Every structure is written in C-alpha cells, then in structure tokens.
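Each chain is listed here by its residues.
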Amino acid sequence: QVQLVESGGGSVQPGGSLRVSCAASGNIFTFSKMAWYRQAPGNQRELVASITDTNIKTYGRVAKGRFTISRDNAKKTLFLDMTSLKPEDTAVYLCYGLVQETATSTPIPSWGQGTQVTVSA
C-alpha cells in the first residue's frame with residue numbers, strides 16, 4: 001500500500017514564498033507521474049503542476065511563472081516551490097501520484113490528505 005504525506009503548508013503574506021513537500025512510502029517501484037492539485041472551499045479541484053518520471057513538467061494556468069514542481073526520485077519526494085503568492089492561492093494542496101509497484105504493473109492512482117496553504121495579510 002502506498003502512502004503520500006504532504007507537509008510544509010502554512011500561512012504566508014501576499015507576495016511571499018512557500019515550499020510544500022510530498023513524501024511517498026510503501027511498495028513503490030516508480031511513479032510514472034506525480035502532480036500537485038489544489039482545492040479551495042466551494043471550488044473544484046484544479047491541477048497546479050505535474051511531472052513525469054522523465055522530468056517532463058506541465059503547469060496549470062494558476063502556476064505558470066510563479067510555481068516550480070520538482071521531484072527527488074531517490075527520496076521519493078515531490079516538491080512545489082511557490083513564489084509571489086496571492087490570497088487566491090489559498091487552498092488545500094494535494095499530492096497525486098501514479099504508482100507502479102513493479103516494473104510491469106499497472107500504475108495505480110494515489111492521493112495524499114493535503115496540506116493547507118493560506119495567503120493573507
């Protein structure tokens with residue numbers, strides 16, 4: 001069983017920066033894809049950024065130019081560096097991964113519980 005645990009959320013002033021992390025544990029051969037999503041109260045879950053196992057990165061509209069996604073495969077950890085934060089970035093940030101338990105197994109989607117990011121003066 002795979003577990004994804006986010007950390008690093010908190011409160012920050014507008015214009016500030018924050019890094020959130022997602023640590024994976026369990027029976028993991030590789031993550032074919034990992035991503036950050038976010039969800040604010042009353043809003044649908046939206047893609048922030050994704051990264052493949054070959055380091056191809058895709059950014060959602062909300063992240064372009066301000067956020068950077070990265071991964072440390074050896075430590076099985078996903079990161080999201082956020083800069084120039086705005087109050088509208090306030091949301092729960094959720095980690096997502098497509099996990100392969102062996103080299104030939106079908107990727108299985110996994111979600112973390114999320115970490116709260118609050119941007120306010």
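Summary of the structure given here. (Residues numbered from 1 in each chain as written. Predicted model: local features only at pLDDT ≥ 70, side-chain atom pairs only at ≥ 80, totals over all residues. Heavy atoms only, no water.)

### Quick notes on the pattern of salt bridges
For clarity, the threshold we go by: Salt bridges are defined by distance alone: a side-chain nitrogen of Lys or Arg within 4 Å of a carboxyl oxygen of Asp or Glu. Type-normalised accessible area, obtained with a 1.4 Å probe on protein chains alone, sets the label of each residue: buried when under 20%, exposed when over 50%, and partly exposed for intermediate values.
Using the criterion set out here, one finds four salt bridges in the structure. Here glutamate 46 makes a salt bridge to arginine 38, at a shortest N to O gap of 2.8 Å. Judged by its relative accessible area of 5%, arginine 38 falls in the buried class. Each of the salt bridges in this network shares a partner with another, and the network as a whole consists of Arg38, Glu46, Arg66 and Asp89.

### What to know about the environment of arginine 61
Which entries qualify depends on this criterion: Strands here are runs of E lasting at least two residues and helices are runs of H or I lasting at least four, both read from the DSSP assignment and numbered beginning at the N terminus.
Topologically, arginine 61 is positioned in the loop between β6 (57-59) and β7 (67-72). On the accessibility criterion, arginine 61 (69% relative accessible area) is exposed. Distance in space between the C-alpha atoms of arginine 61 and glutamine 13 is 21 Å, their sequence separation being 48 residues.

### Things to note about the state of the cysteines
Stated formally: Cysteine sulfur atoms are paired as a disulfide whenever they fall within 2.5 Å.
Inspection of every chain in the model, using the stated rule, returns one disulfide. What pairs with cysteine 22 in a disulfide is cysteine 95, and their sulfur atoms sit 2.0 Å apart. Of note, the bridge from cysteine 22 to cysteine 95 carries an S-S torsion of about -75 degrees and is left-handed in sense. Of this pair, cysteine 22 sits in strand β3 (residues 18-25) while cysteine 95 is found in strand β9 (residues 91-100), placing the two residues 73 residues apart along the sequence. Residues cysteine 22 and cysteine 95 agree in their burial class; the two are buried.

### Things to note about the packing of aromatic side chains
Applicable threshold: Each aromatic pair joins two rings of Phe, Tyr and Trp (for Trp, the six-membered one) with centres within 6.5 Å, and gets the label stacked for planes under 30 degrees apart, edge-to-face for over 60, and tilted for any other angle. Sitting over a ring, as applied to charges here, requires NZ of Lys or CZ of Arg to be within 6 Å of the ring centre and within 35 degrees of the ring normal.
According to the stated counting rule, one finds three aromatic pairs in the structure shown. Note on tyrosine 96 and tryptophan 111: the rings are 4.9 Å apart at their centroids and 55 degrees apart in plane angle, and the pair reads as tilted. Pair noted here: tyrosine 96 is in strand β9 and tryptophan 111 is in strand β10 (residues 108-111), with a separation of 15 residues, a long-range link. By relative accessible area, tyrosine 96 is classed as buried at 14%. Exposure remark for tryptophan 111: the relative accessible area of 36% places this residue in the partly exposed category. Members of the aromatic cluster, connected to one another through ring pairs, are Tyr37, Tyr96 and Trp111. The ring of phenylalanine 79 carries the charged tip of arginine 19 above its face, separated from the ring centre by 4.3 Å.

### Concerning the pairing of strand β8 (residues 77-82)
Just so we agree on the cut-off: Any two strands between which DSSP finds at least two bridges are classified as paired.
Of all six residues in β8, five are buried, a share of seventy percent or more. Sheet analysis places β3 next to β8, joined by six bridges and oriented antiparallel. Considered in β8, the bridge of serine 21 is made with phenylalanine 79. With six bridges connecting them, β7 and β8 associate as antiparallel partners. When the sheet's bridge partners are listed, serine 70 is paired in β8 with phenylalanine 79. Between the antiparallel neighbours β7 and β8 lie four residues, among them lysine 76 with a positive phi of about 55 degrees.

Functional significance is not addressed by these values, which are geometric in nature.
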